[in-house]
Amino acid sequence: MATKVLVPRLGEGVEEVTVTKWLKQVGDSIKELEPLLEVNTDKVDTEIPAPASGTILKIITQEGTAAKVGELLAVIGAPGETVDSGSVTAENTVQAKTPTSAVQTQTVHQPQPNINQDLGFISPIVAKIAAEHGVDLKQVAGTGLNNRITKNDVLSFVGSGKSIAKPAGQQPIVIKPMEGDQLIKHTTMRKSIAQHMVDSKHTSPHVLTVMEADLSRITKHRAANKAAFEKDGVNLTFTAYFMTAIVAGLKAYPIVNSSWSDEGVLVHKNINIGMAVSLGEDGLIVPVIKDADNLSLLAMARAVNDLANRARSKKLQPDDVKGGTFTLTNHGTSGSLFAFPVINQPQSGILGIGAMQKRVVVIDDAIAIRPMVYTSFVFDHRILDGASADWFLAKIKETLENWS
């Protein structure tokens, strides 16, 4: 008897996934719990195992297509069995098994979908993206179930150059490829990053403040303790120090560990710090260290190692990138001196760390050479003013420069 494969719930607030790769094709045999396909959500790639053994009879949701939790992905049955996806009854429907490392959580409230008589089902996210980019959905071909228009359909339409966000009253900007131009198709991750960055700049007024920090004490401490940490299997990176300094700043100025709401500023009890991890040409991802204020330097370094390694090997789970209250981006690893990072919504700010350089500085009226870094704090001006932002950044500078 045929078995439906449905989109499983992968974590808190995860209501939709994008199919990135089918690991089996129609006609292939598969065993229960064997990886069946890969999906992407919040820039995290996750393998979905088969809920039953059998043969892949039908693939419903194609690669690059979005599907909501509970939607049909494929049908598994006996070899040679002929089945129409509509004829599979509820009694033999099995939801694809959630990876064991993913956390099961309760369903969160979602906006009600929109039903358009001409276009059919239009989800809130599709309508939102279309409105932001000035897209007439009647021009978009749907690739979802029953020709439903998906988020990726709209983003692909925008990426094709047919329509780009425009000020009210203006015509869409059309980009026409010239001879010799090369079109690099957007990946699911690149589309997600692009939308998140645009949304962030539209959401909050970004303001930048920069201070310079002397890392003399940090470099000495690291040199003296690196070998001991390695005996515990931990690589003591500078990132662990920066994360610990952020904790000190957030504890001194809790208002920075907050989010804006129409009712007021929501100050978070937990300190959960995200750290941007570069994935090369694939983009970047921001895994989160939960309850960072409870970690020693050793525990912090171990957490940094673990999340960075799992991010680069694509072994993160959706919950690993959820719940952040502040973010660190160590852009100096690629040589950048200072930057203007984009806030990771709905957080109040993001700290950028530039490349460490030995520079000439004046200390007690004497010229000295010190390992210096620029610390760039970008904050939401709705929540923080210049003075409070500078107090927070000064606390980070003080922590780094007076490390003992």
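Right above here is the structure, for reference.
Residues numbered from 1 in each chain as written. Predicted model: local features only at pLDDT ≥ 70, side-chain atom pairs only at ≥ 80, totals over all residues. Heavy atoms only, no water.

Colleague: Which residues make up the side chain of aspartate 380, and what values do they have?
Modeller: Looking at the secondary structure, you find aspartate 380 in strand S22 (residues 366-380). Look past the residues within four positions of aspartate 380 in its chain and what remains in contact with it is Ser204, Pro205, Trp260, Ile343 and Ser348. (Helix = DSSP H or I, 4+ residues; strand = E, 2+ residues; numbered from the N terminus. Contact = heavy atoms within 4.5 Å.)

Colleague: I'd like a description of the environment of isoleucine 285, backed by residues and values.
Modeller: With respect to the element layout, isoleucine 285 can be found in strand S17 (residues 284-285). Between the C-alpha atoms of isoleucine 285 and methionine 189, which are 96 residues apart in sequence, the distance is 8.9 Å.

Colleague: So what about the sheet that holds strand S5 (residues 44-49)? Which residues, and what values?
Modeller: Pairing is antiparallel in the open sheet, where 4 strands are placed in the order S5-S4-S2-S7. The open sheet has two edge strands with one neighbour each: S5 and strand S7 (66-68). Going from strand to strand, the sheet's axes swing by 40° on average, the running direction of each strand aside. Alignment of strand S4 (residues 35-41) against S5, held across 6 bridges, turns out to be antiparallel. Bridge pairing links proline 35 to proline 49 in S5. (Pairing = 2+ DSSP bridges. Axes fitted to C-alpha atoms, helices over the stretch in contact; angles between N-to-C directions.)

Colleague: If you had to explain the environment of tryptophan 22 to someone new, which residues and values would you point to?
Modeller: Within the element layout of this structure, tryptophan 22 appears in strand S2 (residues 16-22). Note on tryptophan 22: relative accessible area 6%, which makes it buried. Taking C-alpha positions, tryptophan 22 is 9.2 Å from proline 35, a pair spaced 13 residues apart along the chain. In this structure tryptophan 22 touches Leu36, Leu37, Ile59, Thr61, Gln62, Glu63, Leu73 and Ala74, once residues within four positions along its chain are discounted. (Buried < 20%, exposed > 50% of the residue type's maximum accessible area, 1.4 Å probe, protein only.)

Colleague: Please set out a nonpolar patch on the surface residue by residue, giving values where relevant.
Modeller: A cluster of nonpolar residues, Ile255, Trp260, Val265 and Val267, forms a patch on the protein surface that exposes about 300 Å² of accessible area. Tracing the chain through its elements places tryptophan 260 in strand S13 (residues 258-260). Assessed through its relative accessible area of 37%, tryptophan 260 is described here as partly exposed. (Patch = residues over 30% accessible without salt bridge, like charges linked within 9 Å, V, L, I, M, F, W, Y side chains within 5 Å. Areas by Shrake-Rupley, 256 points an atom, 1.4 Å probe, with all protein chains shown as cover. Salt bridge = Lys/Arg side-chain N within 4 Å of Asp/Glu carboxyl O.)

Colleague: Please provide a residue-by-residue account of the nonpolar core, values included.
Modeller: Nonpolar side chains in soluble globular proteins tend to end up buried together. Ranked by size, the top nonpolar core spans 51 residues in total, and within it Leu351 and Phe377 carry the most contacts. Here this core gets 8 residues from one element, more than from any other, and that element is helix H5 (residues 238-252). Those residues in contact with phenylalanine 377, other than ones at most four positions away along the chain, are Val207, Leu208, Thr209, Val256, Phe326, Gly349, Ile350, Leu351, Leu384, Ala389, Phe392 and Leu393. Among the nonpolar cores identified, the runner-up in size contains 19 residues, and Val14, Leu36, Ile59 and Ile76 belong to it. (Core = buried A, V, L, I, M, F, W, Y, C linked by side-chain atoms within 4.5 Å.)

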